[in-house]
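Report on the structure
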Amino acid sequence: TVQVTTTIHSIKEVIKKWHGGKIARLTVCKDTFSENNELRNENSTLKDIGIRGNANKEEAPVLTLMYDFKPDGCDNPDPILMY
């Protein structure tokens, strides 16, 4: 659970940590993975992109973020050989 004041940059940093920090190009989208839903402005907060919070954790909205990335230092990764 995060607050609506959380920035897109902060969310991207968490995703990078989940993957060991070895990410070159990270794309994050709201709801569905499409260019129209890409969250490009890293200074935007969740509130800025239309998410309304709730002080009651059980009633807080659920947000779906989808992401894709390229491993750092690998332009054309081979998923079998990547380590």
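Just so you know, these numbers come straight off a predicted model, no measurement behind them.

Scanning the protein from N- to C-terminus turns up 1 helix and 2 strands. Per-residue burial over the protein gives 19% buried out of 83 residues. In the protein, the proportion of contacts linking residues at least 24 apart, taken out of those at least 6 apart, comes to 70%. When the accessible surface of the protein is totalled, it reaches about 6,500 Å², and 48% of it is carbon and sulfur.

The next point concerns the environment of Thr-6. Tracing the chain through its elements places Thr-6 in the segment before helix 1 (8-18). Given a relative accessible area of 17%, Thr-6 falls into the buried group. Among all residues touching Thr-6, those that are not within four sequence positions of it are Ile-11, Ser-44, Thr-45 and Leu-46. From its side chain, Thr-6 meets the backbone oxygen of Gln-3 in a polar contact 2.8 Å long.

Pairs of aromatic rings are described using the distance from one ring centre to the other and the angle between the two planes. Tallying each qualifying case throughout the model produces 1 aromatic pair. The interplanar angle of 20 degrees and the centroid separation of 6.5 Å between the aromatic rings of Tyr-67 and Phe-69 together place this pair among those described as stacked. According to the relative accessible area criterion, Phe-69 is partly exposed, its value standing at 24%.

Okay, a nonpolar patch on the surface next. A cluster of nonpolar residues, Val-14, Trp-18 and Tyr-67, forms a patch on the protein surface that exposes about 330 Å² of accessible area. Residue placement: Trp-18 occurs in helix 1.

What follows covers the confidence of the model for the protein. With 87% of its residues at a pLDDT of at least 70, the protein reaches an overall mean of 86. The secondary-structure element of the protein with the lowest mean pLDDT is strand 2 (residues 65-71), recorded at 88, while helix 1 shows the highest, at 94.

Conventions we followed
- Residues numbered from 1 in each chain as written.
- Predicted model: local features only at pLDDT ≥ 70, side-chain atom pairs only at ≥ 80, totals over all residues.
- Heavy atoms only, no water.
- Helix = DSSP H or I, 4+ residues; strand = E, 2+ residues; numbered from the N terminus.
- Buried < 20%, exposed > 50% of the residue type's maximum accessible area, 1.4 Å probe, protein only.
- Contact = heavy atoms within 4.5 Å.
- Areas by Shrake-Rupley, 256 points an atom, 1.4 Å probe, with all protein chains shown as cover.
- Polar contact = N/O pair within 3.5 Å; in protein donor to acceptor, adjacent residues only side chain to side chain.
- Phe/Tyr/Trp six-rings, centres within 6.5 Å; stacked < 30°, edge-to-face > 60°.
- Patch = residues over 30% accessible without salt bridge, like charges linked within 9 Å, V, L, I, M, F, W, Y side chains within 5 Å.
- Salt bridge = Lys/Arg side-chain N within 4 Å of Asp/Glu carboxyl O.
- pLDDT = per-residue confidence, 0-100.

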